[in-house]
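If you want the building blocks of each chain, they are given just below.
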Amino acid sequence: MLEPLRQGLPPLNLAAASDAASCALSARYEAVREARQFTRKTLDQWDLGDRFDDVCLVVSELVTNALRHGLPADTPRPTAPDPPVRLHLMRWTERLVCAVRDPSGDSPVARESDDSSAESGRGLFLVESFSDSWGWHPMAGALSGKVVWALFRLPRPVDHPRPGT
């Protein structure tokens, strides 16, 4: 069990975000494909398509974990009026944060595995490997559950001189 992790996540002023987008995901494994498509479209709109491979892998792992471990056993899987999982993408000048919210208050569990051929159990290891930092925190207020996030540093924008200066 992991303690809530906030270290590595700089203070985030949502009002100062350059861009933000989110999508609700139903409690079906097809939602992982939908999350990847949403991520592709969003990163392309933000001219960050070159970061797609790493970000998409992390989004896939976070959404899969939310669906597999973050939903109560009695969650209706085909459709639900209020989808239980939500993906948020937020961009600031020099960082991108992917956050996945699910209704479980249970902490993410990073599994140790010596079996390199195992088909599951390496998701958080991949998130840690492909992002610059990651963590989780419980929701506050009226919202229950948790948010698991991953941060990607973006290259510092190049200052383009204006014509005539």
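Remember, predicted model here, so these are calculated numbers, not experimental data.

Peer 1: Sorry if this is basic, but what is going on with the overall build of the protein here?
Peer 2: In terms of regular secondary structure, the protein is built from three helices and five strands. Listed by position from the N terminus, the elements making up the protein come as β-α-α-β-β-α-β-β. Sorting the 165 residues of the protein into buried and exposed places 39% on the buried side. Within the protein, contacts between residues at least 6 apart in sequence are counted, and of these 69% link residues at least 24 apart. Accessible surface, the protein as shown: approximately 9,900 Å² in total, 50% of it carbon and sulfur.

Peer 1: Any chance you could explain the side chain of Thr 42 here in plain terms?
Peer 2: Along the polypeptide, Thr 42 turns up in helix H1 (residues 30-45). Those residues in contact with Thr 42, other than ones at most four positions away along the chain, are Ala 21 and Leu 89.

Peer 1: Before we go on, may I ask you to explain the pairing of strand S3 (residues 95-102) in this structure?
Peer 2: The buried fraction of S3 amounts to six of the eight residues, a majority that puts the element mostly inside the structure. Pairing of strand S2 (residues 85-92) with S3 involves seven bridges; the strand directions are antiparallel. Residue pairing for S3: Arg 86 is matched across the bridge by Arg 101. What sits between the antiparallel neighbours S2 and S3 is a turn of two residues.

Peer 1: Sorry if this is basic, but what is going on with the nonpolar core here?
Peer 2: For soluble globular proteins, nonpolar side chains are generally found buried alongside one another. Core analysis: the biggest nonpolar cluster contains 34 residues, and Leu 25, Val 59, Val 63 and Leu 87 have the highest contact counts within it. Elements with a contribution of two residues or more to this core: strand S1 (19-25), H1, helix H2 (52-69), S2, S3, helix H3 (123-130), strand S4 (133-138) and strand S5 (146-153). Within the second largest apolar cluster, seven residues are counted, among which are Val 97, Ala 99, Val 147 and Trp 149.

Peer 1: I keep staring at the packing of H1 against H2 and nothing clicks. Help me out?
Peer 2: Between two packed helices, the angle of one axis relative to the other and the distance separating the axes together describe the packing. Relative to each other, H1 and H2 sit at 150°, their axes nearing to 9 Å. Here H1 and H2 pass one another in a crossing that is right-handed. Where H1 abuts H2, its residues Ala 31, Val 32, Ala 35, Arg 36, Thr 39, Arg 40 and Leu 43 lie against Phe 52, Val 55, Cys 56, Val 59, Ser 60, Val 63, Thr 64 and Leu 67. Here the contact of H1 with H2 is built from residues that sort into ten nonpolar, three polar and two charged.

Peer 1: Is there a simple way to think about the confidence of the model for the protein in this case?
Peer 2: Fine structural detail should not be taken from predicted coordinates in areas where pLDDT scores are low. With 72% of its residues at a pLDDT of 70 or more, the protein shows a mean pLDDT of 80. Residue range residues 1-8 is modelled with pLDDT below 50. Its contacts to residues more than four positions away, or to other chains, number 23 contacts.

Peer 1: What am I meant to see in the environment of Leu 57 here?
Peer 2: For Leu 57, the location among the structural elements is in helix H2. Classification of Leu 57 as partly exposed rests on a relative accessible area of 28%. Considering only alpha carbons, one finds Leu 57 and Leu 126, 69 residues apart in sequence, at a separation of 8.0 Å. In contact with Leu 57, not counting residues within four places along its chain, are Phe 52, Leu 126 and Phe 130.

How each quantity is defined
- Residues numbered from 1 in each chain as written.
- Predicted model: local features only at pLDDT ≥ 70, side-chain atom pairs only at ≥ 80, totals over all residues.
- Heavy atoms only, no water.
- Helix = DSSP H or I, 4+ residues; strand = E, 2+ residues; numbered from the N terminus.
- Buried < 20%, exposed > 50% of the residue type's maximum accessible area, 1.4 Å probe, protein only.
- Contact = heavy atoms within 4.5 Å.
- Areas by Shrake-Rupley, 256 points an atom, 1.4 Å probe, with all protein chains shown as cover.
- Pairing = 2+ DSSP bridges.
- Core = buried A, V, L, I, M, F, W, Y, C linked by side-chain atoms within 4.5 Å.
- Axes fitted to C-alpha atoms, helices over the stretch in contact; angles between N-to-C directions.
- Left-handed = near helix turned anticlockwise from the far one by under 90°.
- Nonpolar A, V, L, I, M, F, W, Y, C, P; charged D, E, K, R; others polar.
- pLDDT = per-residue confidence, 0-100.

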